[in-house]
Amino acid sequence: MLLDIDNAYIQYGPSVMAVQGASLQVAEGELVSLIGQNGAGKSTLLKAVMGVVPLHSGAITFDGSPTDARSFSTVRQRISYVPEDRGIFTKLTVGENLRLGGVTRRDKKALAADIERELERFPVLRKYWGKTAGLLSGGEQQQLAIARALLLRPRLLLLDEPTLGLAPIIVDLIFDVVVRLREEGMTILLVEQNAVRALEVSDRTYVVQAPGRVLGCGSAAELGKLPAVVDYLGFSPSDVRGNSHVR
Amino acid sequence: MKMFASSSRSAQTPILLVCLGLLTALVGATAGLTVGRVAMVTLISLVFVIGQSTFTGNSGVMSFGHVAFMAIGAYTTAYLTIPVPLKGVLFAELPHSLRFLAHVHAPFIPAVLLSGLAALVLGLVTAPVVARLSGLQSGIATLALLVVVYNVLNSWTAVTRGSSSMIGIPRNTTTWLAFAFVVAAVIVSWAYKKSRSGLQLQASREDYWAAVASGVAVGRHRAVAWILSAFLCGVSGSLYAGFLMSFNVNAFFLSATFAFTVMIVIGGYLSLSGAVVGAVAVSVLQEFLRRLQDGEFTGGSALPAGLADLLLAAVLLIVLIKAPLGLMGVRELRLPGRRRSQRAEAAKGAAGAEGEVRAPV
Amino acid sequence: MSVDFLVAMVGLGALYALLTIGVALLFGILGLMNFAYGEIIMAAAFAMYLFQHSPWPVAVAMALVFAVVVALLSERLAFFRLRDADPVTLMIASFAVSLAVQSVARMTVLPRAQGVSPKSFLTRHLDLLGASVSVRELLTLALCGGALAAVALLLGRTGLGIQLRAAAENFQMAKCLGVRANLVIPCAFVVVGVLAAISSIVLVWRQGSVSADMGLQPMLIGVVGAVVGGMSNLRGAALGGFLLGAATTLLETVLPANLIAFRDSFLFTTVILVLIVRPQGLLSGAKVRVS
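First, a word on what this report is: a plain description of the structure on this page.

About the criteria used
- Residues numbered from 1 in each chain as written.
- Chains lettered and ligands numbered in written order.
- Predicted model: local features only at pLDDT ≥ 70, side-chain atom pairs only at ≥ 80, totals over all residues.
- Heavy atoms only, no water.
- Helix = DSSP H or I, 4+ residues; strand = E, 2+ residues; numbered from the N terminus.
- Rg over C-alpha atoms; globule rule 2.2 N^0.38 Å.
- Buried < 20%, exposed > 50% of the residue type's maximum accessible area, 1.4 Å probe, protein only.
- Areas by Shrake-Rupley, 256 points an atom, 1.4 Å probe, with all protein chains shown as cover.
- Lys, Arg positive; Asp, Glu negative; His and termini not counted.
- Charge placed at Lys NZ, Arg CZ, Asp CG, Glu CD.
- Contact = heavy atoms within 4.5 Å.
- Salt bridge = Lys/Arg side-chain N within 4 Å of Asp/Glu carboxyl O.
- Polar contact = N/O pair within 3.5 Å; in protein donor to acceptor, adjacent residues only side chain to side chain.
- Nonpolar A, V, L, I, M, F, W, Y, C, P; charged D, E, K, R; others polar.
- Pairing = 2+ DSSP bridges.
- Axes fitted to C-alpha atoms, helices over the stretch in contact; angles between N-to-C directions.
- Parallel < 35°, antiparallel > 145°, perpendicular 65-115°, else oblique.
- Left-handed = near helix turned anticlockwise from the far one by under 90°.
- 1 Å grid on protein atoms, 1.4 Å probe; cavity = no way out; pocket = protein on both sides within 12 Å on 5 of 7 lines; lining within 4 Å.
- Points joined across faces, edges and corners; volume = space filled by probe spheres on them.
- Expected span 1.5 Å × (residues − 1).

### As for the overall build of chain A
Summing up its helical and strand segments, chain A has nine helices and ten strands in all. Taking 18 Å as the expected radius of gyration for a compact globule of 247 residues, we find that chain A reaches 18 Å, a close match to that expectation. When its C-alpha atoms are laid out on the principal axes, chain A stretches across 50 × 40 × 35 Å. Buried positions account for 55% of the 247 residues belonging to chain A. Carbon and sulfur atoms make up 51% of the accessible area of chain A, which totals about 10,300 Å². Computed over 28 positive and 27 negative side-chain charges, the inter-centroid distance for chain A is 7 Å.

### Let's talk about the interface of chain B and chain C
Taken residue by residue, the interface counts 38 residues in chain B and 40 residues in chain C. Run the count over chain B and chain C and you get zero salt bridges. Applying the counting criterion to the chain B and chain C interface returns four residue pairs in polar contact (both at pLDDT 80 or more). When contributions to the side of chain B that touches chain C are tallied by element, the ones reaching two or more residues are α6 (108-132), α7 (135-155), α13 (254-267) and α15 (307-322) of chain B. At 14 residues, α7(B) tops the list of elements feeding residues into the side of chain B that touches chain C. Broken down by class, the residue content of the side of chain B that touches chain C amounts to 28 nonpolar, seven polar and three charged.

### Quick notes on the sheet that holds strand β5 (residues 65-66) of chain A
Residue and element names in this part refer to chain A. An order of β2-β1-β4-β5 is seen for the four strands of this open sheet, with the pairing classed as antiparallel. Bordering the open sheet on either side are β2 (16-26) and β5, each of which pairs with just one other strand. Two elements, strand β4 (residues 55-62) and β5, share two bridges in a ladder whose sense is antiparallel. Paired with Thr 61 across the strands is Pro 66, a residue of β5. This element, helix α1 (residues 42-50), spans β1 (3-12), β2 and β4 of the sheet and lies at about 105 degrees to β1.

### Thoughts on the packing of α7(B) against helix α12 (residues 263-277) of chain C
Taken N-terminus to C-terminus, the directions of α7(B) and α12(C) make an angle of 155 degrees; their axes are 8 Å apart at the nearest point. It follows from the interaxial angle that α7(B) and α12(C) lie roughly antiparallel. Crossing geometry of α7(B) relative to α12(C) is assigned as left-handed. Here α7(B) contributes B:Gln137, B:Ile140, B:Ala141, B:Ala144, B:Leu145, B:Val147, B:Val148, B:Asn151 and B:Val152 to the contact with α12(C), which in turn contributes C:Arg263, C:Asp264, C:Ser265, C:Phe268, C:Thr269, C:Val271, C:Ile272 and C:Leu275. Taken together, the residues that form the contact of α7(B) with α12(C) break down as eleven nonpolar, four polar and two charged.

### Notes on the environment of B:Ala144
With respect to the element layout, B:Ala144 can be found in helix α7. When its relative accessible area of 1% is taken as the criterion, B:Ala144 is described as buried.

### Regarding the pairing of β1(A)
All names here are of chain A. The pairing of β1 with β4 spans six bridges and is antiparallel. Residue pairing for β4: Ile 5 is matched across the bridge by Ile 60. In terms of strand pairing, β1 meets β2 through eight bridges, oriented antiparallel. Looking across to β2, one finds that Tyr 9 is bridged to Gln 20.

### A few points about empty space enclosed by the protein
Taken as a whole and judged by the stated rule, the model has nine cavities of 30 Å³ or more. Space inside the second largest cavity adds up to approximately 70 Å³. As for the second largest cavity, its lining consists of A:Met50, A:Ile79, A:Ser80, A:Tyr81, A:Gly101, A:Arg148, A:Ala149, A:Leu152, C:Met173, C:Cys176 and C:Leu177. Counting only elements with at least two residues in the lining of the second largest cavity, the list comes to β6 (79-82) and α5 (138-150) of chain A together with α7 (171-177) of chain C. The class makeup of the residues in the lining of the second largest cavity is eight nonpolar, two polar and one charged.

### Observations regarding the sheet that holds strand β3 (residues 31-35) of chain A
Residue and element names in this part refer to chain A. Judged by pairing direction, the sheet is mixed, and its six strands sit side by side in the order β6-β7-β8-β3-β9-β10 without closing on themselves. Since the sheet does not close on itself, it has two edges, and those belong to β6 and β10 (213-218), each with one partner. Strand after strand, the sheet turns through a mean of 15 degrees between neighbouring axes, direction not considered. Two elements, strand β9 (residues 204-209) and β10, share five bridges in a ladder whose sense is antiparallel. Pairing of Gln 209 across the sheet is with Arg 213, part of β10. Across the sheet, α1 touches β3, β6, β7 (156-160), β8 (188-191) and β9, and the angle it forms with β7 is around 145 degrees. Seen against the sheet, helix α6 (residues 168-183) touches β3, β7 and β8 and runs at an angle of roughly 155 degrees to β8.

### Considerations on the side chain of B:Glu332
All names here are of chain B. Of note, Glu 332 is situated in the loop between α15 and α16 (339-354). For Glu 332, a relative accessible area of 15% gives the class buried. Among the polar contacts listed, one links the side chain of Glu 332 to the backbone nitrogen of Leu 272, at a separation of 3.1 Å. Those residues within four positions of Glu 332 in sequence are excluded, and the remaining contacts are Thr 13, Trp 190, Lys 193, Ser 271, Leu 272 and Ser 273.

### Considering helix α1 (residues 3-30) of chain C
All names here are of chain C. Over its 28 residues, α1 runs 41 Å from end to end, which matches the ideal 40 Å to within 8%, given 1.5 Å per residue. Extensive coverage of α1 is indicated by the burial of 24 of its 28 residues. Positive backbone phi, at 70 degrees, marks Gly 31, one or two positions downstream of α1.

Here it is in structure tokens:
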């Protein structure tokens, strides 16, 4: 397993235990998504992987090494993270934001080529290259955040609600990109409110219930057989045309 | 019965604080000249920090400007108690509209209260500012207030004697008088803390927006606490003038602000007991450092001047790093009660320590 | 307006802008309103005093070294351990650092103010466009202007500058991307040390003396400029400082003599008003889209 979260307890804020005993795995090349209601603890799990919030107990290992070890570095292990608020530096230009995505890379030539490739993928970024990032629209900022995350050449990409609050046409665009990345072999862990779209694109989906408990996991069809999941989601995942891109 | 028990429990803290003041006063009244002087300055500092804590402790907003109120109190007392003939010499160049100041005179106790009122007026004028600001902005604004008051006192030579010392104030502050004002300050501050306004202000300290959303007029309560604390700090400035007999405008600027900030932060700026304990502890520490600097522990050879300040700064930094909420945190002084109430206290304390104690930023 | 007046005004503006940047830079990155900034300036002035009889490049070099060392030490000993503290705690800590550095100065060489004899070339005058301009004013303008340009270049064009600005805006995200906090923050303190040293050299040239509490006035100017210009916006802060300097020069010629002593009162009343009316600063064009 590339990422292995085992019985994680995560405290959020001074007194709330937001995640109580979550376990999940992501294999290399997989697109895995987490769905569940607001406050279920999905985002907290991603933050714990990044070390933004500390692990209270349990273990998170990436490629065999525990992420809370002192020597562990998400950057050196090439884990990229797009937070829910996108984490764009609004006072910097689009170009400067992108350069920061590869700030640790020494292979400047390859980095330039990678930036060029991301500009092909997101043409709007080329158009606004020298513009202050704070002036971009929400959808444009989201594209910038994803492009910037890819410049680390990540082995694991963590996406936290990439389509939150965006226009439907942009949502389609983002999901297209996610699917394309999956086809290129990227390993992705996606947190998504839009359960139907997540089930459609993912290899496997974890259904998470507050406080951070996994109700069930598997493909859309498999989840459909679990009464607790159907009950929690309010619809049967097996009705979703799942994993369309794999076949 | 139950009510009686709870009211006696809630009176425990102010009684303990008064006892601490009493101890200081007793030391001052019985010991020699040097220690007596230290005890007196401690008592005056106690009035000041209790005053400042009335605002910072309840609102959670730090202030660096309260020394300005102390200055106003001291200058008012100087005007009210310096003998009229001497004033004619000291303030020969008073502008025409302020000529009456050369003739006013008051006995000491009314002068102390009037000094408090003068500071209160400045508090009233500046209250709209603190009512609107929090966190760092409030810190800068209160500091700006201090700079403005200092600049005016330092530059308005005809009225304030500028950078020359204010002299000829009769000595009226006795140890027991200072102690009496400490008692009064504790009572006023504690009564405010337990009042409706005080409780609402503390609610805003725990969670500003939740308090606002519950209909607490945070600005108004902050203003009330600010004005009250201005009065108490003005009183302490008056006592200070009546004790020293002469003072200089530089006594009311950054080094005084720093000294009081150290007391309040080390004790714990969110609790009244913290301010009191901090003032006593830092006064003792300062005296110890002064003696160290004068060579009392090194066989008479004086150490370089400035060492005491350096060590005080180091102590403050260590407290900020190790215990940002000070010795007391949000707790108040209590006697260890019977086992059951103790356990309840402990549980409460733990809950308090776990969360909700951060000041709004 | 005569040329010498213009040079003096722009020069003081540039000096004040430099002071403001020194305060605003650390505020932007760490949320630290650094009241110890004045003591970094004092440390550089202290070096100028110690080495006043050496050739001037040595004195200048030592000023830089002293300021950078004090800046780095304050980071290591105090602010490093308070990285997650709230701004008010940081501000109190900077008070403590300020007092500590001042006491060290008092304990060693500066119990009293000391004179630094001005270099002879500073007192000369040059003929410029028909006006006689003092070399001191010209050098003030050149040095401060140069330093400002260098900061602008550093922050705007270099990789370090981008990282510094990114860390200033969103420290957490910058760390996630691999910006090394333990490198970038000391770098910021080094930059602040260099800026302080340059302002200090100019200040010593202008006032000809050094004392333990000489840092207070420049620090207050930096704070006022930063508040007026917008604390988390470097360009606004620099502009705020510049306008403050220019306004000061103007006030000193325009204000009646008996009101000049109250200049600080006017300035700080302005600060309070700005905080109430426009807490984000007069000059910060808050044109950032939220969603």
